[in-house]
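What follows is each chain in one-letter form.
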Amino acid sequence: MTAAERREQLIDIARGLFAERGFDGTSIEEIASRAAVSKPVVYEHFGGKEGLYAVVVDREVLRLLDMMQTALTAGHPRTLLEQAALALLDYIELAPDGFRILVRDSPIGSASGSFVSIIGDVASRVEYILAAEFTGRGFDAKSAPMYAQMLVGMVGTTGQWWLDARHPAKDVVAAHLVNLAWNGLSGMEQKPTLHTRP
């Protein structure tokens, strides 16, 4: 096996273990054992478990962001919302282990790669679309970043639930997400207040 092939093998084995057991539940010993190599081989390629985990997470982040960017094309805001919901559900369907890794807590010291940071990145990519929609409807566009976080977070949280439930079908889940988000948005108040607060 070449060094590049060995590296890919170790990444693949680690990806499965991180998805199944999380960062803390996975050991270098088990990764090395499953690859039929010594622990120093793993250290030689990645410097340690943190380095290997970072490579696995980076690959998943890039895959998810690529799917989201490809899906989010110009169009009507409702269509954009449908595209975002379906892109995340597509990723979950195609890469359930990758999604499991992303939704777990990142190891100490990891500032990026967590699901929260990924969701934040996706939200920042769509907030300009919401800002334009808000401006067109006479709403304060300064609220668009907050609403982008809410919408993308709603899709992400639903995705976490659907990862294990897998019922109803992906298109049905996406349709219900869009129904709640879109119809909720269509009835928005310009200056919302809480009815339970004086």
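Residues numbered from 1 in each chain as written. Predicted model: local features only at pLDDT ≥ 70, side-chain atom pairs only at ≥ 80, totals over all residues. Heavy atoms only, no water.

Where an unreviewed UniProt entry is consulted, the protein appears under the name TetR/AcrR family transcriptional regulator, with the organism given as Nocardioides jiangsuensis.

(A) Looking closely at the UniProt feature "DNA-binding region" (unreviewed entry) in the protein. In the UniProt entry, the feature "DNA-binding region" (unreviewed entry) is given for residues 27-46. Between the end C-alpha atoms of residues 27-46 the distance is 13 Å, and the span holds 80% helix and 0% strand. (UniProt positions renumbered as here; feature names shortened; annotations may be inferred. Helix = DSSP H or I, 4+ residues; strand = E, 2+ residues; numbered from the N terminus.)

(B) Just the pattern of salt bridges, in detail. If you walk through the whole model with that rule in mind, you get ten salt bridges. With a shortest N-O distance of 3.0 Å, Arg34 and Glu30 are connected by a salt bridge. One end of the pair, Arg34, and the other, Glu30, are both in helix α2 (residues 28-35), four residues apart, so they sit about a helical turn from each other. You can call Arg34 partly exposed: its relative accessible area is 46%. Note that Lys170 is salt-bridged to Glu93, the shortest N-O span being 2.8 Å. Of this pair, Lys170 sits in helix α9 (residues 170-186) while Glu93 sits in helix α5 (residues 77-94), and the two are 77 residues apart along the sequence. According to the relative accessible area criterion, Lys170 is buried, its value standing at 16%. Via salt bridges that share partners, Glu20, Arg21, Glu30 and Arg34 belong to a single interconnected network. (Salt bridge = Lys/Arg side-chain N within 4 Å of Asp/Glu carboxyl O. Buried < 20%, exposed > 50% of the residue type's maximum accessible area, 1.4 Å probe, protein only.)

(C) Expanded view of the packing of helix α1 (residues 3-21) against α2. At their nearest, the axes of α1 and α2 sit 10 Å apart, and the two run at 130 degrees to each other. With respect to each other, α1 and α2 are oriented oblique. Note that α1 runs across α2; the crossing there is right-handed. On α2, the residues that touch Arg6, Gln9, Leu10, Ile13, Ala14, Leu17 and Arg21 of α1 are Glu30, Ile31, Arg34 and Ala35. Here the residues of the contact of α1 with α2 sort into six nonpolar, one polar and four charged. (Axes fitted to C-alpha atoms, helices over the stretch in contact; angles between N-to-C directions. Parallel < 35°, antiparallel > 145°, perpendicular 65-115°, else oblique. Left-handed = near helix turned anticlockwise from the far one by under 90°. Contact = heavy atoms within 4.5 Å. Nonpolar A, V, L, I, M, F, W, Y, C, P; charged D, E, K, R; others polar.)

(D) Structural view of the environment of Pro40. Inspection of the secondary structure puts Pro40 in helix α3 (residues 39-46). Exposure remark for Pro40: the relative accessible area of 54% places this residue in the exposed category. The sequence separation of Pro40 and Ile28 amounts to twelve residues, and the corresponding C-alpha distance is 9.4 Å.

(E) Quick peek at the packing of helix α4 (residues 49-71) against α5. Direction vectors running N to C along α4 and α5 enclose 145 degrees, while the axes themselves pass 9 Å from each other. Considering only the axes of α4 and α5, their crossing is right-handed. Contact residues: α4 offers Glu60, Arg63, Leu64, Met67, Met68 and Ala71, while α5 offers Gln83, Ala84, Ala87, Leu88, Asp90, Tyr91 and Leu94.

(F) Highlighting unusual backbone geometry. Cis geometry marks the peptide bond from His167 to Pro168; its omega dihedral reads 5 degrees. Tracing the backbone shows Pro168 in the loop between α8 (144-165) and α9. Of note, the phi angle at Ala36 is positive, near 60 degrees, even though the residue is not glycine. Within the secondary structure layout, Ala36 lies in the loop between α2 and α3. A relative accessible area of 68% means that Ala36 is categorised as exposed. In the Ramachandran plot, Arg166 falls in the positive-phi region, its phi being about 55 degrees despite a non-glycine side chain. Tracing the backbone through its elements, the reader meets Arg166 in the loop between α8 and α9. Look at Arg166 and you get partly exposed, because its relative accessible area is 33%.

(G) Structural view of helix α6 (residues 96-103). Residues Gly98, Phe99, Ile101 and Leu102 constitute the buried set of α6. For α6, the arc enclosing every buried residue in end-on projection is 160 degrees, short of the 170-degree limit, so these residues lie on one face. (Arc of directions from axis to C-beta.)

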